[in-house]
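Inside the fold
Below are the chains, spelled out letter by letter.
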Amino acid sequence: MDWKLELVAIPVSDVDVAKAFYTEKVGFDADYDHTVSDEIRFVQLTPPGSACSIAIGQGIVEGEPGSVKGVQMVVSDINAARRELVGRGVEVSEVQEAPGGRFVFFSDPDGNRWSVQQIG
C-alpha cells in the first residue's frame, strides 16, 4: 500500500496576503480557492513539480498563524533556488552547509518557517 503525503495545512492570519506571498513571491501554483461560507475558505497551493500541496484558509486550520516551523522543500540547485527567491523579493538566508546538504531558510508573513534543501 502506498501512503502519500499530499496536503500540509499552514495556519495564516490573512488568507489573501498569504496567498499572494506563496504565489507571487515563492512561485507556488494556485490550484484551488473556494469560499464555502463566511467562516470557511479553502485555498490549495502547490510548489512547482511537487506532489504535495499546502492548504491555507479560514476555518480549516486549528494552529496559530506562524506556528509551523521546518516545512522543507528539496531542490536540485540551492544557489538557483536562492537567486529565484531573492529575485521575487523573499527575505531568504544565505546558503548554509550542514550534514545532509545545503540549505536556505525563509518565513512567510506570519512567521511560518520554511527550509529549502539541496541534498548531498
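What this report covers is the structure whose coordinates are included nearby. (Residues numbered from 1 in each chain as written. Predicted model: local features only at pLDDT ≥ 70, side-chain atom pairs only at ≥ 80, totals over all residues. Heavy atoms only, no water.)

Some words on the overall build of the protein chain
Basically, it comes down to this: Helix and strand definitions here come from DSSP, where helices need a minimum of 4 consecutive H or I residues and strands a minimum of 2 consecutive E residues; each element is numbered from the N-terminal end. This radius of gyration counts C-alpha atoms alone. The globule rule is 2.2 Å times how many residues there are, raised to the power 0.38. Accessible area is worked out with a 1.4 Å probe on protein chains only. A residue is then buried under 20% of its type maximum, exposed over 50%, and partly exposed in between. To measure how exposed things are, a 1.4 Å probe is used in the Shrake-Rupley method; for residues, cover is taken only from the protein chains shown. Counted as positive: Lys and Arg. Counted as negative: Asp and Glu, with His and the chain ends omitted from the count. For charged residues, the charge sits on one atom: NZ in Lys, CZ in Arg, CG in Asp, CD in Glu.
A tally of helices and strands in the protein chain yields two helices and eight strands. Along the protein chain, from the amino end to the carboxyl end, the secondary structure elements read β-α-β-β-β-β-α-β-β-β. The globule rule puts the C-alpha radius of gyration for 120 residues at 14 Å, and the 15 Å found for the protein chain is close to it. With respect to the three principal axes, the spread of C-alpha positions in the protein chain is 45 × 40 × 25 Å. Relative to its 120 residues, the protein chain shows a buried fraction of 37%. Per element, the accessible surface of the protein chain, about 7100 Å² overall, is 49% carbon and sulfur. Here the protein chain holds 10 positive side-chain charges and 19 negative ones, and the gap between their average locations is 8 Å.

What to know about the packing of aromatic side chains
Note the cut-off: When two rings of Phe, Tyr or Trp (its six-membered ring) have centres within 6.5 Å they constitute a pair, described as stacked for plane angles under 30 degrees, edge-to-face for angles over 60, and tilted for the intermediate range.
Evaluated as defined, the whole model comprises eight aromatic pairs. Both rings, one in Phe21 and one in Tyr22, keep their centres 5.2 Å apart while their planes meet at 80°; by these two values the pair is edge-to-face. An identical accessibility class is assigned to Phe21 and Tyr22; each is buried. With centroids separated by 6.3 Å and ring planes inclined at 45°, the aromatic side chains of Phe21 and Phe106 adopt a geometry described as tilted. With a gap of 85 residues between them, Phe21 in helix H1 (residues 15-25) and Phe106 in strand S7 (residues 101-107) connect regions that are remote in the sequence. Aromatic rings pair up to connect Phe21, Tyr22, Phe28, Phe106 and Trp114 into one cluster.

Thoughts on the nonpolar core
If you look at soluble globular proteins, the nonpolar side chains tend to sit buried side by side. Which entries qualify depends on this criterion: Grouping buried Ala, Val, Leu, Ile, Met, Phe, Trp, Tyr and Cys residues that are joined through side-chain atoms within 4.5 Å yields what is termed a nonpolar core. Contact criterion: two residues are considered in contact whenever any of their non-hydrogen atoms come within 4.5 Å of each other.
Ranked by size, the top nonpolar core spans 24 residues in total, and within it Ile10, Tyr22, Ile56, Phe106 and Trp114 carry the most contacts. Those elements giving two or more residues to this core turn out to be H1, strand S3 (41-46), strand S4 (53-58), strand S5 (69-74), helix H2 (78-87), S7 and strand S8 (113-119). With four residues, H1 is the largest single contributor of residues to this core. Those residues in contact with Trp114, other than ones at most four positions away along the chain, are Ile10, Tyr22, Phe28, Ile54, Val71, Met73, Val104, Phe105 and Phe106.

Things to note about the environment of Gln96
Secondary-structure assignment places Gln96 in strand S6 (residues 96-98). A sequence separation of 85 residues divides Gln96 from Pro11, and the C-alpha atoms of the two residues are 27 Å apart. In contact with Gln96, other than residues within four places in its own chain, are Gly101, Arg102, Phe103 and Phe105.

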